[in-house]
Amino acid sequence: MIKIDLHLKPYLFFVLFAFTRIVSFGQNHIVPVFKRCPVKTINFEQGLANNGTTSVVTDALGFTWISTKTGMQRYNGYTLETINPVINGRTISINTSVIFFTLQNGLIWMSCKQGVLIYNPQTNLFKEIIESTNLDNLNFSIIPVKEASEGILCLQYKKGLVLYSPQNGKMLKKITADNAFIQHAFNNPDIHTNSNFTANDSAVFIYNGKDLMQQVNIKTNEINYIKAENVNCFACTNTKLYIVSDAITSINIGDGKIEKSIPLKTITGENIIYEACFSTEKNQLLVGLNNHLFQFDSACNYMQEFTNLNRNVIVSVGFIKTIYADAFKRIWLLTNDDIKRVQNFNIPFEHLMYDGEKNNFIRTMYYDEKKHILLAGCYNGGIQLYDASDNALWQTAVSSKIIKNITGIEKLTDNDYLIVTIASGLYVLNLPSKKLKPLAQLNINMIDAGNINFCNNIQRINDSAIFIATSSNIYNCIFKKDELISATPLLPLNKNIFDQLYCFLSASNKTIWTGTATGKIFRMDSAGNFFTAQIPENYLVRSLAEDAKHNIWAGTDKGLYVYNNSGKLIKTFTTQSGLLNDCIYAISPVKNKTAVFASSNLGLSYISLNKNIINYTKESGLQENEFNTQSAIKTGSGKYYFGGVNGITSFYPSSLLYIKDTLVLNITKLVINDVSYNCSPGFLKGDSLKLNYSQNHIQLDFAALGLLNTNEYVYEYRLTNFETNWQSTREPRDIKYVLQPGNYSFEITCSPIFSSKEIFKRSIVIIISPPVWQTWWFKTLVVLIGIAIIALIVQQYLKRRYQKKLNALKLSYEIQHERERISRDLHDNLGAYAAAIASNVSIMQTEQTEGDKNVLHQLKTNSQSIINQLNDTIWALNKEAISLTAVSDRFKIFLQKIQPNYPNIHIDIEENILNDEKLSPTNALHLFRIMQEAVNNALRHSNCSNINIRINSSNTWSVVIKDDGKGFLDLNEKIIKGNGLKNIQLRGEEAGWKINWKDGTPKGTELMISCIQES
């Protein structure tokens, strides 16, 4: 044990820390250099429990832990969640502040009132490693300071400097230290800050709050003291000690010499009320002074001040208490009001604006390649001037009460510039004098100033010619120095056509393209040929540009349309293609590429013809997300300028190379059947989630935790075996599925919005175990039993079907046999008797009187009719089925027999049988009898001259019998009362046919027999 000399022997101490008194205060104020960074504020809206924040740390998975005076919370990229650790089923309620300390292996020590907990981010599990012996009811009795090779160096209340094992929390040894210094650290309410202690690999520095700093060598236990007064905060590396009081001073630890000291007033120019500092091994020192955040290099040289994207201080109200830089290039600031997260990377965009001006609404720009200056015209008045480095050259913008709205700027002479205004005419700006005067014109009415509106533009063609557009035409304006000599309209437009011109472009082949308010695009080639194209759905055309392959890009209120040089539409880009917004304001082509930069209502996009789209937003460093119509130019050096509602965004495409990002894709929330679950990798068992069949309602939240905000990444996800298409979003939250048992893979990819090259992926296997009745063996058993039952049922069914078919065949045979017997009996018996009667009558006719002969003749005729009727019946009974053609042929024979009896009546039969319908014998006989009856009725009663019979059959069949006789006097009465007609009706009903009578045209009667189709 080394004895401490409290009399401060000179050979034991560093050089006295009296740097403030020896620094010359005559130094010049440091020229500020600003680093614009996106800044996110996290406060009560994100769930911050208490603005008394005390400690912050980011774990290996990108989650950031915040300690407040009422406990600890974890930020998942969306919200702050209050965390109460669960250890062995026991919940530890933490309602006081916590000190976080990250170990080299990624585990985190959390010192709290209950002792020291160790947290594993990979498993999301806590373990109590040191039990508290806090007798004085402090918020914590152990403060981890430094991880050395032997263990974790800690300040412990009433025990001094102690070394603990990082694995099990066992005390390894005590190191000699002045306990008064340690006691002061625990009594200091700002113990969490850099105002109490710091350490490197060889020593621990502890401040007593007054005038001394204790240096404890952790290897030799040697103690030295440094004279130091009014120290607000301090930090160290292995070689240097940095102290912030009324100056920032670096001291060489090896020899104790002051290397550099910078008075704070030379940095901020204001009184310092609150100071905070943090050092890293990456050659930087971050220092918070009041609400400012500064960066110094390791030699304590001023580098820059961090600002937000609008170049304002990081913390607008209040002051910075704690600074923490994590491994994801993010700087976390704990303030007295909220939490600021600074994205520490170089913004590829510059923001040009006049800070003192209320109006930075940039409507038009002109870059003078000879003088390397940029002129910008504002809507609502004002002309701004910048140099090639984007610095404002005037303190205030040049303005005029007459010239309110500027829509175009073009150079006329070395010092004179044409200013085109909305509805106020043309003016000339003399740059040296900053004077504006009306443009001299030979004919004041050549261009109607009232027709120059918000969206018309201008384009220089050669040394003397400038095309200037109004809402009614495009004028070829010839200038001589600063005078307008002539203005000739170029387009052959009918004044009666309401097509307000909004933009135009004179292409490289001298073709003039013009966009209108109604979506028309006029194209006039160099020969004067005039063509018209139409934007789909008549959307307003705001801007036109020509790419390296001479394609014309048209920006509209509903997307971007690309035409080839002959006027054919070849490509369309909308939000569905990946644009941030469909309202395209300005377009600027990319050199040697079929690609453009396009500004919109929601940012800036790089768009190539192969549909590769990269988007940039305000968070990437733009002036704002909203830009202005046709406000874009490109300089000869390749620098782009886009004007918007809050100034100008400038950049070189080469600077837009994607920013190297390191992120982790995390499940931030997992809800199963409306119950929140631990979503750590430990619970997932190596990116695999196994659930039973009843846990099938799943809800997921995902977040990319990296350099950017979570909504500055483009996410795509899908669940394989459930969906095939990828879903795209900027905020993957409340992703819900209801799943059947099976194996699924939830795949998610993300990339920064400003880079499509850097893609991060993660997949999680989701296994929904089936219930017993859905297992393979149970299904196999059920299938086998089912097959057996089905086989038995099929066997019985086939047996019954076979028996039924056998019975039907037997019955059919018996019916056919009976038909043949009946037909033979009719032929052999009744036919023979009828024939004998006819023969006997013939013999008797030769021996009788004339009267008797008439009677016998009638008897002979009737007997012959009986024979004919028997023949027809036998014909039908001898068939199993009779075709419609067979019925027609039989009916023709009937007509041939009766035709001679009616020589004055012409009978015509017409067949149109495409589908020879098969009829049953009974129905065939019904049809034959109906046709017989209908013809007999016509022959006997109608006094007709012609009878026409039509037999038709295609999809269905019909028979029409029509005569030109006298017709029915009362059609309905005859149909009801006539026996023959009643028989026709009854036969039709029995056969299932439709029987329809109607008056013929122009006279007579028409009967239709038709088959009724089943619906």
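Parameters and conventions
- Residues numbered from 1 in each chain as written.
- Predicted model: local features only at pLDDT ≥ 70, side-chain atom pairs only at ≥ 80, totals over all residues.
- Heavy atoms only, no water.
- Core = buried A, V, L, I, M, F, W, Y, C linked by side-chain atoms within 4.5 Å.
- Buried < 20%, exposed > 50% of the residue type's maximum accessible area, 1.4 Å probe, protein only.
- Patch = residues over 30% accessible without salt bridge, like charges linked within 9 Å, V, L, I, M, F, W, Y side chains within 5 Å.
- Areas by Shrake-Rupley, 256 points an atom, 1.4 Å probe, with all protein chains shown as cover.
- Salt bridge = Lys/Arg side-chain N within 4 Å of Asp/Glu carboxyl O.
- Helix = DSSP H or I, 4+ residues; strand = E, 2+ residues; numbered from the N terminus.
- Pairing = 2+ DSSP bridges.
- Axes fitted to C-alpha atoms, helices over the stretch in contact; angles between N-to-C directions.
- Disulfide = S-S within 2.5 Å.

Caption draft 1: The arrangement of the nonpolar core in detail. By size, the foremost hydrophobic cluster in this structure holds 52 residues, and its most contacted members are Phe 642, Leu 665, Phe 746 and Ile 766. Counting residues in each nonpolar core, the second largest holds 35 residues, with Ile 905, Ala 938, Trp 957 and Ile 1009 among its members.

Caption draft 2: The arrangement of a nonpolar patch on the surface in detail. Where nonpolar side chains cluster on the molecular surface, the patch consists of Tyr 693, Val 772, Trp 773, Trp 776 and Trp 777 and spans about 650 Å² of accessible area. Here Trp 776 is to be found in helix H5 (residues 776–845).

Caption draft 3: Representation of the pattern of salt bridges in the model. Using the criterion set out here, one finds 23 salt bridges in the structure. Between Asp 355 and Arg 311 there is a salt bridge, with the nearest N and O atoms lying 3.4 Å from each other. Taken together, the residues Asp 355 in the loop between strand E32 (350–352) and strand E33 (362–368) and Arg 311 in the loop between strand E28 (302–307) and strand E29 (320–325) connect sequence positions 44 residues apart. Across the pair Arg 733 and Glu 731 runs a salt bridge whose closest N-O atoms are separated by 3.7 Å. The class for Glu 731 is partly exposed, based on a relative accessible area of 40%. One network of salt bridges, with partners in common, ties together Asp 701, Glu 731 and Arg 733.

Caption draft 4: A look at the pairing of strand E44 (residues 483–489). Bridge analysis of strand E40 (residues 440–441) against E44 gives two bridges, and the strand direction is parallel. Bridging across to E44, Gln 441 finds its partner in Leu 484. In this sheet, E44 lies alongside strand E43 (residues 474–480) in antiparallel orientation, the contact comprising six bridges. When the bridges of E44 are listed, Phe 479 appears paired with Leu 484.

Caption draft 5: Quick peek at the sheet that holds strand E2 (residues 39–42). Spatially, four strands are ordered E2-E31-E30-E29 in an open sheet, and the strand pairing comes out antiparallel. Strand pairing shows two members of the sheet lacking a second neighbour, E2 and E29, which therefore form its edges. Adjacent strand axes in the sheet meet at a mean angle of 20 degrees when their direction is disregarded. Alignment of E29 against strand E30 (residues 330–335), held across five bridges, turns out to be antiparallel. Paired with Ile 323 across the two strands is Leu 333, which belongs to E30.

Caption draft 6: Region of the structure containing the state of the cysteines. For the coordinates displayed, the defined rule picks out zero disulfides. Here Cys 233 is not cross-linked by a disulfide; its sulfur's nearest cysteine counterpart is in Cys 277, at 3.5 Å.

Caption draft 7: Here's a closer look at unusual backbone geometry. Non-glycine residue Asn 673 carries a positive phi angle of around 55 degrees. Looking at the element boundaries, Asn 673 is found in the loop between strand E60 (664–672) and strand E61 (675–676). On the basis of relative accessible area, Asn 673 is assigned to the partly exposed category, the value being 31%. One non-glycine residue with positive phi stands out, namely Asp 734, at about 55 degrees. Residue placement: Asp 734 occurs in the loop between strand E65 (727–729) and strand E66 (735–738).

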